[in-house]
Amino acid sequence: MRRKQWILHKDHLLPFLRKLRKSRSLVAPVRNSYGDTMYTEMNDLDNESIELAEQPQNSLKSFFFPQREKLCHYSVDEAVGDSAQAYRFYPSLPESRAVVYFGVRSCDMFAVMYCDTIFLGGRERDVYYDARRRNALFITLACNHPFENCFCNAARTGPYLEMGYDLQFTDLGDRYFVEVDKARGREVVQQWPQFFVPAGDDDRQAHYQAALESRGLFRRQVHVDLAVQLLDQGEEPQALLAELSARCQDCGGCAFICPTCTCFNIVDQPLSDDRGERVRTWDACTFDGFTRMAGNHNSVQIISQRVTKRFYHKLRDDVLRHGRSSCVGCGRCVGMCFGGVDIVRFIDGLCAADDKRSEKREDGHD
Amino acid sequence: MTERSIRTIDSQVMTGRAGRLRLTSKNPYVPRSAIIREITRETDSVSTFVMSFIDELENNSFSYQPGQFMMVSVAHQGEAPISISSSSLQSDFFSLTIRNSGRLTKAMHSLKPGNVIGLRGPYGTAFPLEEMQGRNLLIVGGGIGMAPLRSVVHTCCRQPDHFGKVSVLYGSQNPGELCFQSEMQSWKEAGVDCRLIVDAADNGWQHQVGLVTDLLTDEFRPQKKKDLALVCGPGIMIRFVIQRLEELGYSPENIFTTLERHMKCGFGLCGHCHCREKLVCVDGPVFRRSQLGVLEDL
Amino acid sequence: MAGLATTFGSGAMTNSINELSSAQVILLSGSNTTEAHPQVARRIYDAVDQGARLIVIDPRQTAMASLAHIHLQLRPGTDIPLLNGMMRCILDENLVDELFVEMRTENYIPLRDLLLTIDLNEVTATTGVSIKDIARAARIYARAQRSVICYCLGVTQHICGTANVQSYAGLAMLTGHVEREFTGVDPLRGQNNVQGACDMGGLPAVLPGYQMVADPVVRDKFDRAWGVCLSDKPGQTLLDMTHGAGSPGDKLRAMYIMGENPMLSDPVLDQVEATLDSLDFLVVADLFLTETAARADVVFPAASFAEKNGTVTNSERRVQYMNKAIDPPGAARDDGWIIMELSRRMGYAMEYESSAEIMEEICLLTPIYGGMYHDRLIDNWGLQWPCSDRAHPGTPFLHKFSFARGRGRFQPASHVPPAEPVDSAFPFLLITGRSYHHYHTGTMSRCCPTLNREHDKPFLDMHPDDATRLNIPDGSRVQVTSRRGSCKFFLRYCQSLAPGDLYCDFHFHEAPVNVLTLSARDPEAHCPEFKLCAVRVEEVI
């Protein structure tokens, strides 16, 4: 029988993780000495503290798509005698390690799935992403208590996932309710059956209750669907975008912190006259140079449209291209933005303008 | 909706995984070395580089179509997308026609025959050779924009029976900036109707003066409903030419143009060439007019 | 520095950065905050979103000026008459906080007498700002309960920089907008540790903690701690050193320069070059081979901030501990190690085992840092000085109950015209500043491909009217010439400048702006008039 729901007692979490770590590296939300919680690779299970009550400040993006990554190195050898000039490239692929990601929030798990479509589902597979992603195991944590800026309910990526994870844990006080989705999750349960007891009806009731309650705890109401719909209908809120763009300070922070912003730059970094590295780094569409071509021609009017490209990309273009918005509602950009012109402000502004219009229309009918 | 959308994503991942079996060893980011065989100076700032891969196997398996582009690496300068300006029907070698306009292209212009560059590709969509069979073709180019169109012209010259009447309208700012002048005689001999125009003439200029749209007289109305027009050049020129072509009676389905964007990967990942929901590197660079919305973006 | 020290008794930001978001009125002067201090700008945005009024004093239409409720676009270098105008309005409209002036300040009468002689029409003529705007700004600033002034190098890097600051301090004291949370006078420091460098005695006349070299009690304390006999003479200022001032007898013969690139950052570069070349011995410690390091006899490869442990002190006097994140590359070592090793080999062994031990010595000798032990700084956001002992919680805002010097002192000032006014030969006033994407002389930021892509060449901003008059197209190569030299830029049309003004930044070695600037400087702070010089512009054909 393939049972899909189990119970893991909280006392057994650490012993369970210790077993997992025997054949894998462990990445989990860890509170560092500054009090910041970050997804971190754990070296010492007993002296580092896994923090499951805070939202990790980073997402999992950089584990699969590092901020700076060497793609290859190259050598340039001048022609000598009979031998012609040579200009060769030597790729440097990362090793494909087995890693378990524990305590992953629903939005972050969803973001990984989204990045998969970008890096693995396109015309060419990104072999660098693939090497890091191939042997990953995800144990997610359903969100019973959404954080201050969260709106995954509106982005439809949480607070509970229905699929996509290997194992999903739900905190039921003294125990975790464990759901299995992917084969790799099933294997884990089979490998260490001593930790898992079958979930009973009480557990299922408690799980259902927790899921229900968490939905009522969101502090923000962000109408992502309405924004997507308005943009799809051709809405172009020029005034709003100009207002927000004027306050964008062009730091790229929103794109860097975003779990689904995957645009990158590739540059050569010479190490000497005859060799160098080809490196890719994160890039952001709010940067002036992102679209600037040789001869200073730029297809984007950057001052008045700095943030336009990003918001349209997230809420309109990705819907057309991939079937859904790529904003996962994690709210990280809200805390990041210097100018206070994050995607939530854009969605709010867009929807408020629509509200006003419908009110007017109704008044007109009266 | 949650479940459905996750499923969509999931199934895409699955197809991706199946694909991996085919492509395990392929690293799309690694360029192959190519050697410059010959350099033709077209204008003060434009040269055509004839080249081939160093590895003979690469040369044998390399195939491309008019309109596609290569990612070109020059030592220490990174990469840039460059249109192929030759036709694969014509020779085992292929050509890139490059204007000296930035850091990489400047370095490219300092190279000599025998020097080596890196190449990835070909990438992107091509002009629709199948659809072009038997049709009259109106080819409108501006400045360096003639490079990808030259690939079409060479194909036509090589297979005159495959196409209807082929007309080339080519304009630039002044006579010194017209590329491919030395080979135009051979185009004409192959039956291509060639018209030139410049904004500002000098002594000895024997052709028309004005904008390339001035050449688009009633003479070039589509003879048949299925006649095709191919346009390439600076954004603003494309805009006006397309406008004029539509006035002349070309349907948006039958006009093709290419877009130029900053690019880093060439295969749809880096995000630099996003143009609305399209990625110029994989959905383009050749687009049907009907695929493009407002032309202000060009 | 000197301006606030003479009026309030302390040269640092009186408030904390976070207090800005709760201010009712923010008066921002000479600061391109969004580009130079984005974290401060964020608090200003928050404040404005919560209903605060923003007044910006700047010759350029910066992003903050566009957001401002009132932008006083003054002629460069006319802060003093503008402030005297505002103070006159405050006097006329009876908005002086008389109780505060009476209880907490001194020397008010000379200021009042000066203000009574001010003719507002003349102020308008000098500054180019209308009487109406001056009065509105004065009223808004004076009437609010919680008004705060922020200023930056646009105020201080002038020949009258100290007097400028004293005037801003005067405005704050006149209306009682100091000594409380959310109100005060806040100089925004350029870099993450400029405040720390000053605190540690990186100024000619003071030892760490602003303790005067001239004070024998102070000297005695340091003599005993270090086992040496310190000189009672103040050292030289930066410009004295790099411009080879002084009589041949006490001219410098050797220099040890750490993390500074005077060959790009100091005014009149020809003179700097001559001075450095005339030295017997030059040592430079830097991350990269800068223009200055290239001239050195010995170059020490130094570690970056991420490659060492220690503290930095920011604008709001906050001492923060920074953890070493990565090892220094190759043979690079942190500056502390280099100095100790050098000292040991020169016969004076410094045997500190860690930066924590050095900090213990700082606590011992520097009263304002008295309680800043490393263990108190780790695992938190640090402490703000003054912090006298282990039990002291730090000081978020200064001058509570009384000014550090006792009473705040009004220092009336009159207009000091720029050292180099425009004339027919040099008709433009060149303003220098910084751009968002680069840091200082670009030693570090220009090595980063993405930053360099964003801003890869030196621009000269000019109002389109001027450019049209001179018939120079946008993007052209132009040569800018002052009485001291010339360098080349790419022209950029820019609506945010007033006609007659030009703007450029100094990050580019291809266009070393400081061959143009002049070495005239403030008589007290010795800060050069970087911000302004007279130039002419020609297109390079």
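On a predicted model such as this, the values are computed, not experimentally measured, just so you know.

## Structural notes on the overall build of chain A
Part 1: The number of helices and strands found in chain A is 14 helices and twelve strands.
Part 2: Over its C-alpha atoms, taken along the principal directions, chain A stretches across nearly 80 × 75 × 40 Å.
Part 3: Per-residue burial over chain A gives 58% buried out of 366 residues.
Part 4: The contacts of chain A with a sequence gap of at least 6 include a subset with a gap of at least 24, amounting to 71%.
Part 5: For chain A, the exposed area adds up to about 15700 Å²; of that, 47% sits on carbon and sulfur atoms.

## Remarks on the pattern of salt bridges
All names here are of chain C.
Part 1: For the structure shown, the criterion picks out 66 salt bridges over all chains.
Part 2: E93 is paired through a salt bridge with R139; the nearest N and O atoms lie 2.9 Å apart. Here E93 is found in the loop between helix 5 (79–92) and helix 6 (98–104), whereas its partner R139 is found in helix 9 (residues 131–143), with 46 residues between them in sequence.
Part 3: You can call R139 partly exposed: its relative accessible area is 27%.
Part 4: Here R224 ties to D220 by a salt bridge, and the two come within 3.5 Å at their closest N and O atoms. Note that R224 and D220 are positioned in helix 13 (residues 216–226) at a spacing of four residues, about one turn of the helix.
Part 5: Given a relative accessible area of 38%, D220 falls into the partly exposed group.

## Some words on the packing of helix 5 of chain C against helix 11 (residues 161–174) of chain C
All names here are of chain C.
Part 1: Between helix 5 and helix 11, the least distance of the axes is 9 Å, while the angle of their chain directions is 15 degrees. Taken together, the axes of helix 5 and helix 11 are roughly parallel relative to one another. Considering how the two elements wind past one another, helix 5 and helix 11 form a crossing that is left-handed. Contact with helix 5, carried on its side by D79, I80, L83, M86, M87 and I90, involves A163, N164, S167, Y168, G170, L171 and L174 of helix 11 and no other residues of that element.
Part 2: Looking at side-chain class alone, the contact of helix 5 with helix 11 contains nine nonpolar, three polar and one charged residues.

## Observations concerning the nonpolar core
Part 1: Ranked by internal contacts, the top residues of the largest apolar core, which has 57 residues, are Y101, F138 and F264 of chain A together with Y29 of chain B.
Part 2: Ranked by residues supplied to this core, first place goes to helix 3 (residues 106–120) of chain A with eleven residues.
Part 3: What Y101 of chain A contacts, discounting residues up to four positions off in sequence, is V27, L60, F63, F64, A136, L137, F138 and I139 of chain A.
Part 4: Ranked by size, the runner-up nonpolar core spans 49 residues in total, among them A137, I149, A169 and L174 of chain C.

## Quick look at the packing of aromatic side chains
Residues and elements named next belong to chain A.
Part 1: All told, the structure shown has 35 aromatic pairs over all chains when counted by the stated rule.
Part 2: Relative to F264, the ring of F65 lies with its centre 6.0 Å away and its plane at 65 degrees, an arrangement referred to as edge-to-face. Taken together, the residues F65 in the loop between helix 2 (61–64) and strand 4 (68–77) and F264 in strand 11 (residues 264–272) connect sequence positions 199 residues apart.
Part 3: Assessed through its relative accessible area of 1%, F65 is described here as buried.

## Re the side chain of E124 of chain A
Part 1: Tracing the chain through its elements places E124 of chain A in the loop between helix 3 and helix 4 (127–133).
Part 2: Side chain to side chain, E124 of chain A and K26 of chain B meet in a polar contact 3.3 Å long.
Part 3: Discounting chain neighbours no more than four positions away, the residues touching E124 of chain A are F119 of chain A together with K26, P28, F267 and L269 of chain B.

## Description of the pairing of strand 3 (residues 69–74) of chain B
Working note: regular strand, side chains alternate between the two faces of the sheet.
Residue and element names in this part refer to chain B.
Part 1: Across the six residues that make up strand 3, a large majority, six, are buried.
Part 2: Side chains of strand 3 alternate between two faces, with F69, M71 and S73 and M70, V72 and V74 buried alike.
Part 3: The hairpin turn running from strand 3 into strand 4 (residues 78–83), its antiparallel successor, is three residues long, and H76 in that turn takes a positive phi close to 70 degrees.
Part 4: Summarising the sheet, strand 3 and strand 6 (residues 116–123) pair through four bridges and their orientation is antiparallel. Within the sheet, the bridge partner assigned to S73 lies in strand 6 and is G118.

## A look at the sheet that holds strand 16 (residues 428–433) of chain C
Sheet strands associate in pairs through backbone hydrogen bonding, adopting either a parallel or an antiparallel arrangement.
Residue and element names in this part refer to chain C.
Part 1: Taken in spatial order, the six strands line up as 16-20-17-19-18-21 and close into a barrel, and their pairing is mixed. Within this sheet the neighbouring strands show an average axis-to-axis angle of 45 degrees, counted without direction.
Part 2: As judged from the four bridges shared by strand 16 and strand 21 (residues 532–539), these two strands associate in the antiparallel manner. Within strand 21, the position partnered with I431 by the bridge is L532.

Criteria and cut-off values
- Residues numbered from 1 in each chain as written.
- Chains lettered and ligands numbered in written order.
- Predicted model: local features only at pLDDT ≥ 70, side-chain atom pairs only at ≥ 80, totals over all residues.
- Heavy atoms only, no water.
- Helix = DSSP H or I, 4+ residues; strand = E, 2+ residues; numbered from the N terminus.
- Buried < 20%, exposed > 50% of the residue type's maximum accessible area, 1.4 Å probe, protein only.
- Contact = heavy atoms within 4.5 Å.
- Areas by Shrake-Rupley, 256 points an atom, 1.4 Å probe, with all protein chains shown as cover.
- Salt bridge = Lys/Arg side-chain N within 4 Å of Asp/Glu carboxyl O.
- Axes fitted to C-alpha atoms, helices over the stretch in contact; angles between N-to-C directions.
- Parallel < 35°, antiparallel > 145°, perpendicular 65-115°, else oblique.
- Left-handed = near helix turned anticlockwise from the far one by under 90°.
- Nonpolar A, V, L, I, M, F, W, Y, C, P; charged D, E, K, R; others polar.
- Core = buried A, V, L, I, M, F, W, Y, C linked by side-chain atoms within 4.5 Å.
- Phe/Tyr/Trp six-rings, centres within 6.5 Å; stacked < 30°, edge-to-face > 60°.
- Polar contact = N/O pair within 3.5 Å; in protein donor to acceptor, adjacent residues only side chain to side chain.
- Pairing = 2+ DSSP bridges.

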